[in-house]
Amino acid sequence: MSQAYVFTRNGGPEVEALVDRDTPVPGPGELLVAVRAAGVNPVDWKLRTGYTRPGSEPQPFPTAFGSEAAGVVEATGPGVEGFAVGDEVFGNPVTGGYAEHTLLPVAVTAHKPAALSFADAAVLPVAAATAYDGVRQLGLDPESVLLVTGAGGGVGSAAVQLARHAGVRVVGVAGAAKKEFVESLGAIHVESGAGLAERVRAAAPGGIDAVFDLAGGDALREAASLLADPARLISAGDKPLVAELGGAPVLRARNAAVLDAVAALVVSGALRTHVTRTHPLTAAGEALRAVEEGHALGKTVIEVTA
């Protein structure tokens, strides 16, 4: 048996619980991993409310939270190659990351570089990988201007850094409390809220070449109005609305090659993970509330004691 933080049905925080469950058994192409750290993301609480990822089936209850994790391989399933017991790895779990043990499919798992902490590795499979995929999708030229909404969050802060690393100028939209943080990433900060388009025009009088949206809703609508070509609009924050506006969702690669690439960028110093909060598994609910209520700056991580 091992512990996991789960939701027992769809609903609000009242359906969450730390429970004992059977230790998962790895199937073909899977690794049993003793979790050392798990990243906390908005999709975690959205799944609790009943959101289902496109193309996937609702999971049976109880369902463990967590879409990204790092840890140590304890067992390998049939047909696994390239991984062995004792390897330090990170990836996208299929049995939840807020847990003492989880299963990682080898297709979306990478070896953790020795220079990378478990906490830093744990925040790469969702946030950093989404940012990496989105920036590549836009194919921006150096000196072009990218607008990033939600620039103070996990995906947004990574997108700003990756774009700046490619020589792109960035305008980052975030709340006033995150101004210093966004500017530390190398972006021009623009405060979120009504009147966003007017403030962006003042900050970037030469215009915006592309938008990477992570906020959705009114922010996405205002950001889209700044573009001459809606094909230069992508969103990971509101897929239905971005399609309505003529843009596209972020196209996720979801493979180990991307994980290797973002890990190398962190090791080289080109990308900082900005893990700003860590919580033990026993305080997973507190960690999730910080992200759900929009108060988290950078990335929040749940650390699991060995």
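Residues numbered from 1 in each chain as written. Predicted model: local features only at pLDDT ≥ 70, side-chain atom pairs only at ≥ 80, totals over all residues. Heavy atoms only, no water.

A. Layout of the sheet that holds strand β10 (residues 169–174). Here we have six strands laid out as an open sheet, ordered β11-β10-β9-β12-β13-β14, and parallel in their pairing. Two strands close off the open sheet at either side, each with one partner strand: β11 (188–191) and β14 (248–249). Strand direction decides the pairing type here: strand β13 (residues 233–235) and β14, joined by two bridges, are parallel. Residue pairing for β14: Ser-235 is matched across the bridge by Pro-249. Each of β9 (145–149), β12 (210–213), β13 and β14 touches helix α3 (residues 124–138); the most contacted strand, β12, lies at about 160° to it. The strands that helix α4 (residues 154–165) touches are β9, β10 and β12; relative to β10, the one it contacts most, it runs at about 170°. (Pairing = 2+ DSSP bridges. Helix = DSSP H or I, 4+ residues; strand = E, 2+ residues; numbered from the N terminus. Contact = heavy atoms within 4.5 Å. Axes fitted to C-alpha atoms, helices over the stretch in contact; angles between N-to-C directions.)

B. Structural detail: helix α9 (residues 256–268). The first and last C-alpha atoms of α9 sit 18 Å apart over 13 residues, in line with the 18 Å expected at 1.5 Å per residue. Listed in full, the buried residues belonging to α9 are Ala-256, Val-258, Leu-259, Val-262, Ala-263, Leu-265 and Val-266. In this structure, the buried side of α9 is in contact with β6 (88–91), β8 (109–111), α3 and α4. Measuring from the backbone nitrogen of Ala-257 back to the side-chain oxygen at the start of α9 gives 3.2 Å, which picks out Asn-255 as the cap. Where α9 terminates, the next one or two residues include Gly-269, which has phi positive at roughly 95°. (Expected span 1.5 Å × (residues − 1). Buried < 20%, exposed > 50% of the residue type's maximum accessible area, 1.4 Å probe, protein only. Polar contact = N/O pair within 3.5 Å; in protein donor to acceptor, adjacent residues only side chain to side chain.)

C. Region of the structure containing the packing of aromatic side chains. Taken as a whole, this structure holds four aromatic pairs when the rule is applied. With 6.0 Å between their ring centres and 65° between their planes, Phe-7 and Phe-61 make a pair best called edge-to-face. Note that Phe-7 is positioned in strand β1 (residues 2–7) and Phe-61 in the loop between α1 (42–48) and β4 (63–64), a separation of 54 residues in sequence. Its relative accessible area of 40% is what places Phe-61 among the partly exposed residues. Aromatic ring contacts, followed pair by pair, group Tyr-5, Phe-7, Phe-61, Phe-65 and Tyr-98 into a single cluster. Lying over the aromatic face of Phe-118, Lys-112 brings its terminal NZ or CZ to 4.8 Å of the ring centre. (Phe/Tyr/Trp six-rings, centres within 6.5 Å; stacked < 30°, edge-to-face > 60°. Lys NZ or Arg CZ within 6 Å of the ring centre and 35° of its normal.)

D. Molecular detail of the environment of Asp-260. By the element assignment, Asp-260 lies in helix α9. Sequence separation between Asp-260 and Asn-10 is 250 residues, and the spatial gap between their C-alpha atoms is 34 Å.

E. Seen up close, the nonpolar core. Residues Phe-90, Leu-124, Leu-146 and Phe-212 are the most contacted members of the largest nonpolar core, which totals 49 residues. With eight residues, the single largest contributor to this core is α3. (Core = buried A, V, L, I, M, F, W, Y, C linked by side-chain atoms within 4.5 Å.)

F. Expanded view of empty space enclosed by the protein. With the rule as written, the count across this model stands at two cavities of 30 Å³ or more. If you go around the largest cavity, the residues you meet are Val-123, Leu-124, Ala-127, Ala-128, Gly-154, Ser-157, Ala-158, Gln-161, Leu-271, Arg-272, Thr-273 and Lys-299. Every element with two or more residues in the lining of the largest cavity is listed here: α3 and α4. The greatest single-element share of the lining of the largest cavity, amounting to four residues, is contributed by α4. When the residues that make up the lining of the largest cavity are grouped by side-chain class, the tally is six nonpolar, four polar and two charged. For the lining of the second largest cavity, the elements supplying multiple residues, two or more each, are α3 and α9. With three residues, α3 is the single largest residue contributor to the lining of the second largest cavity. (1 Å grid on protein atoms, 1.4 Å probe; cavity = no way out; pocket = protein on both sides within 12 Å on 5 of 7 lines; lining within 4 Å. Points joined across faces, edges and corners; volume = space filled by probe spheres on them. Nonpolar A, V, L, I, M, F, W, Y, C, P; charged D, E, K, R; others polar.)

G. Spatial organisation of the packing of α3 against α4. Following both chains from N to C, one finds α3 and α4 inclined at 45°, their axes separated by 8 Å at the closest point. When the axis of α3 is compared with that of α4, the two are oblique. Considering only the axes of α3 and α4, their crossing is right-handed. Side by side, α3 and α4 meet where Ala-127, Ala-128, Thr-130, Ala-131, Tyr-132 and Val-135 of the first sit next to Gly-154, Val-155, Ala-158, Ala-159, Leu-162 and Ala-163 of the second. Among the residues making up the contact of α3 with α4, the classes are represented as ten nonpolar, two polar and no charged. (Parallel < 35°, antiparallel > 145°, perpendicular 65-115°, else oblique. Left-handed = near helix turned anticlockwise from the far one by under 90°.)

H. Structural detail: the packing of α3 against α9. Taken N-terminus to C-terminus, the directions of α3 and α9 make an angle of 90°; their axes are 10 Å apart at the nearest point. Comparing their axes, α9 and α3 come out roughly perpendicular. Mapping the contact onto sequence places Leu-124, Pro-125, Ala-128, Ala-129, Tyr-132 and Asp-133 in α3 and Val-258, Leu-259, Ala-261, Val-262, Ala-263, Leu-265 and Val-266 in α9. By residue class, the composition of the contact of α3 with α9 is twelve nonpolar, no polar and one charged.

I. A look at the side chain of Thr-130. When you line up the elements, Thr-130 lands in helix α3. According to the relative accessible area criterion, Thr-130 is buried, its value standing at 8%. Within polar-contact distance, the side chain of Thr-130 engages the side chain of Arg-252 at 2.9 Å. In contact with Thr-130, other than residues within four places in its own chain, are Val-155, Phe-212, Ala-236, Val-250 and Arg-252.

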